[in-house]
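Structure at a glance
Residue-level listing of the chains:
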Amino acid sequence: MTENRRNFIRKAPVVAAAAAIPVIAGAAPAAADDRESRDRKPKKEVHYPGSEPPEDPLFSPVVTYGSLVFLSGIGAHFDGDIRAHTEHVLSELERNLEAVGSSMANVLKVNVYLNDLADYDAMNEVYQGRFGPEPGVRTTIAAAAGIPGDSLVEIDCIAVI
């Protein structure tokens, strides 16, 4: 019995090495695939929902990068109160998110720019619940010089697909 143990101990490294060869050989392609996917960068794609890009665009309205979605600020450029402007802006955000395969529930970060901080509570009344039960993080400020185009609110966001 002692002899059998000694033979086993002497042969164990050879047996272990032989057993490991298929595992190591099989791991090489997986490691190569991992390296290849890490080296493959996501591609930036610009989207112009519902229209062609302008000849010389100042900015892109929607950009995707891999599974991330970046929406530029959307304002409401018509006569109306903060509730009407907020409703319009949120509806446009939702439309643009859905156009690239995302949704309001997939929003990670929101920036809200108010023309007047006095509109904060009224804006929140319309905003409440629009991003689902687990809304993304949010920053809200009142823009000192106002919002371009006489909008009472402008909102941008970052989401995932």
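Up top is the structure.
Everything numeric here is computed off the predicted structure, so don't read it as measured data.

1. Things to note about the pattern of salt bridges
Taken as a whole and assessed by the stated rule, the structure comprises four salt bridges. A salt bridge links Arg95 to Glu92; its shortest N-O distance comes to 2.7 Å. Remark: Glu92 and Arg95 occur in helix H2 (residues 82-99); sequence separation between them is three residues, near one turn of the helix. In this structure Glu92 comes out as partly exposed when scored by relative accessible area, which is 21%. Two residues, Glu94 and Arg130, come together in a salt bridge whose shortest N-O distance is 3.4 Å. You can see Glu94 sitting in helix H2 and its partner Arg130 sitting in the loop between helix H3 (120-127) and strand E5 (137-142), a full 36 residues away along the chain. Glu94 gets classed as partly exposed once you look at its relative accessible area, which sits at 28%. What makes Arg130 buried here is its relative accessible area of 19%.

2. Regarding the nonpolar core
Counting residues in hydrophobic clusters, the biggest one holds 26 residues, and the most contacted among them are Leu90, Leu93, Leu97, Val110, Val112, Val153 and Ile155. Within the residue set of this core, elements represented by two or more residues are strand E3 (68-75), H2, strand E4 (107-114), H3 and strand E6 (153-160). Of all the elements, H2 adds the most residues to this core, at five residues.

3. Some thoughts on the pairing of E6
As judged from the six bridges shared by E3 and E6, these two strands associate in the antiparallel manner. For Leu68, the partnering residue across the bridge sits in E6 and is Val160. For E4 and E6, the ladder comprises seven bridges, and the chain directions are antiparallel. Counterpart to Val107 in the pairing with E6 is Ala159.

4. A short note on the layout of surface pockets
Taken as a whole, the largest pocket spans an internal volume of roughly 260 Å³. Lining the largest pocket are 14 residues, and of these Phe59, Pro61, Ser72, Ile74 and Asn96 sit closest to its centre. Mapped by element, the contributors of at least two residues to the lining of the largest pocket are E3 and H2. Considering each element in turn, the lining of the largest pocket owes the most residues, four residues, to E3. Considered class by class, the residues forming the lining of the largest pocket number six nonpolar, five polar and three charged.

5. Some thoughts on the packing of aromatic side chains
Under the criterion given, the structure shown has one aromatic pair. With centroids separated by 4.9 Å and ring planes inclined at 35°, the aromatic side chains of Tyr127 and Phe131 adopt a geometry described as tilted. In this structure, Arg138 packs its charged tip against the face of Tyr127, placed 4.5 Å from the ring centre.

6. A short note on the side chain of Asp156
With respect to the element layout, Asp156 can be found in strand E6. Within the buried core, Asp156 has no salt-bridge partner, and the shortest N-O distance to an opposite charge, that of Lys109, equals 7.1 Å. In terms of polar contacts, Asp156 uses its side chain to reach the side chain of Asn111, at 3.0 Å. One polar contact links Asp156 to Tyr113, side chain to side chain, over a distance of 3.4 Å.

7. Looking at unusual backbone geometry
The phi torsion of most residues other than glycine is negative, and most of the peptide bonds are trans. The backbone of Asp150 shows a phi angle near 65°, a positive value even though the residue is not glycine. Tracing the sequence through the fold places Asp150 in the loop between E5 and E6. Using a relative accessible area of 68% as the deciding quantity, one classes Asp150 as exposed.

What counts, and where the lines are drawn
- Residues numbered from 1 in each chain as written.
- Predicted model: local features only at pLDDT ≥ 70, side-chain atom pairs only at ≥ 80, totals over all residues.
- Heavy atoms only, no water.
- Salt bridge = Lys/Arg side-chain N within 4 Å of Asp/Glu carboxyl O.
- Helix = DSSP H or I, 4+ residues; strand = E, 2+ residues; numbered from the N terminus.
- Buried < 20%, exposed > 50% of the residue type's maximum accessible area, 1.4 Å probe, protein only.
- Core = buried A, V, L, I, M, F, W, Y, C linked by side-chain atoms within 4.5 Å.
- Pairing = 2+ DSSP bridges.
- 1 Å grid on protein atoms, 1.4 Å probe; cavity = no way out; pocket = protein on both sides within 12 Å on 5 of 7 lines; lining within 4 Å.
- Points joined across faces, edges and corners; volume = space filled by probe spheres on them.
- Nonpolar A, V, L, I, M, F, W, Y, C, P; charged D, E, K, R; others polar.
- Phe/Tyr/Trp six-rings, centres within 6.5 Å; stacked < 30°, edge-to-face > 60°.
- Lys NZ or Arg CZ within 6 Å of the ring centre and 35° of its normal.
- Lys, Arg positive; Asp, Glu negative; His and termini not counted.
- Polar contact = N/O pair within 3.5 Å; in protein donor to acceptor, adjacent residues only side chain to side chain.

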